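Read off the chains here:
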Amino acid sequence: MSNNFFAMVNRMKLIDRWALMNNTTKENIAEHSHTVAVIAHALALIGNKKFSKNYNADRAAVLALYHDTTEVITGDMPTPVKYYNDDIKNVYKDIERVAGERLLAMLPDEFREDYISVFEHQEEDKDLWRLVKAADKISALIKCIEEDRMGNREFEKALEAQKKIIDAIELEEVKYFKDNFLESYYYTLDEHTKQF
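Presented here is a report on the structure given in the accompanying data block. Keep in mind that what you see is a predicted model, and the values were worked out from it rather than measured.

As a further point, take the overall build of the chain. Along the backbone of the chain there are eleven helices and zero strands. Ordered by position from N to C terminus, the α and β elements of the chain give α-α-α-α-α-α-α-α-α-α-α. For the chain, whose C-alpha radius of gyration is 18 Å, the value lies close to the compact-globule estimate of 16 Å for 196 residues. Taken along the three principal axes of its C-alpha coordinates, the chain extends 55 × 40 × 35 Å.

Turning next to the packing of helix α8 (residues 126–149) against helix α9 (residues 156–168). The contact between α8 and α9 brings their axes to 9 Å, and the two run at 150°. Put simply, α8 runs roughly antiparallel to α9. Here the hand of the crossing between α8 and α9 comes out left-handed. Residues K137, I138, A140, L141, C144, I145 and D148 of α8 lie in contact with α9, whose contacting residues are A158, L159, Q162, K163, I165 and I166. In terms of residue class, the contact of α8 with α9 is built from nine nonpolar, one polar and three charged.

The subject of this paragraph is the environment of A161. Following the sequence through the fold, A161 ends up in helix α9. Note on A161: relative accessible area 36%, which makes it partly exposed.

The next thing to look at is the nonpolar core. Core analysis: the largest hydrophobic core is formed by 34 residues, its most contacted members being L43 and I138. If you list the elements that add at least two residues to this core, you get α2 (29–51), α3 (57–66), α8, α9 and α10 (172–180). Considering every element that reaches this core, the biggest residue donor is α8, with twelve residues. Those residues in contact with L43, other than ones at most four positions away along the chain, are Y55, L131, A134, A135, I138, E173, V174 and F177.

With that out of the way, let us pick up the packing of aromatic side chains. By the definition in use, this model includes eleven aromatic pairs. Between F5 and F119, the ring centres sit 6.1 Å apart and the planes meet at 85°, which makes this aromatic pair edge-to-face. Pair noted here: F5 is in helix α1 (residues 5–10) and F119 is in helix α7 (residues 109–119), with a separation of 114 residues, a long-range link. Between Y66 and F119 the ring centres are 6.3 Å apart and the planes differ by 65°, which places this aromatic pair in the edge-to-face class. Remark: F119 occurs in helix α7 and Y66 occurs in helix α3; sequence separation between them is 53 residues. Pair check on accessibility: Y66 and F119 agree, each one buried. Among the aromatic residues, those joined into a ring-pair cluster are F5, F6, Y66, Y115 and F119.

What counts and how
- Residues numbered from 1 in each chain as written.
- Predicted model: local features only at pLDDT ≥ 70, side-chain atom pairs only at ≥ 80, totals over all residues.
- Heavy atoms only, no water.
- Helix = DSSP H or I, 4+ residues; strand = E, 2+ residues; numbered from the N terminus.
- Rg over C-alpha atoms; globule rule 2.2 N^0.38 Å.
- Axes fitted to C-alpha atoms, helices over the stretch in contact; angles between N-to-C directions.
- Parallel < 35°, antiparallel > 145°, perpendicular 65-115°, else oblique.
- Left-handed = near helix turned anticlockwise from the far one by under 90°.
- Contact = heavy atoms within 4.5 Å.
- Nonpolar A, V, L, I, M, F, W, Y, C, P; charged D, E, K, R; others polar.
- Buried < 20%, exposed > 50% of the residue type's maximum accessible area, 1.4 Å probe, protein only.
- Core = buried A, V, L, I, M, F, W, Y, C linked by side-chain atoms within 4.5 Å.
- Phe/Tyr/Trp six-rings, centres within 6.5 Å; stacked < 30°, edge-to-face > 60°.

Structure, rendered in structure tokens:
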């Protein structure tokens, strides 16, 4: 019996994102997953409070925390490669599935069932996964904003592309987040704290 699931999850901090880009600040999948969890949780709360939805915000956060965990086995494949065509996309999805199975096998039997739904999408979580996917895209936009603020021209095209992706998401929760919270990611520390 193997019990190294959590040690493998801990290795998320070793997998860098944006490998094809010249970054001013590196971002690993642990940091990224935290950001996605915070935003997915917020999107669920926005849906509940502003649009009469009935999301489980805590569950959305948990799904987001683990959404890229398989990359401790697969590594982070750059989006232009991963989605180059349907053949590559489908093969990569199968690789992610196998990586998820390998990670689950690292848990003691008594805990495995508790984690299966995090790695194998369940129908009852369909709406939450939509929020997680949207939060993932918002996180990518935030990374591009941060790099742009540092004067990194490498992210200019990515910033414009990510803005278009966010604008195309047909979720009122995303529009609300964009209209009410996204601008502050452009602020400096002094601008954030001037009101205090």
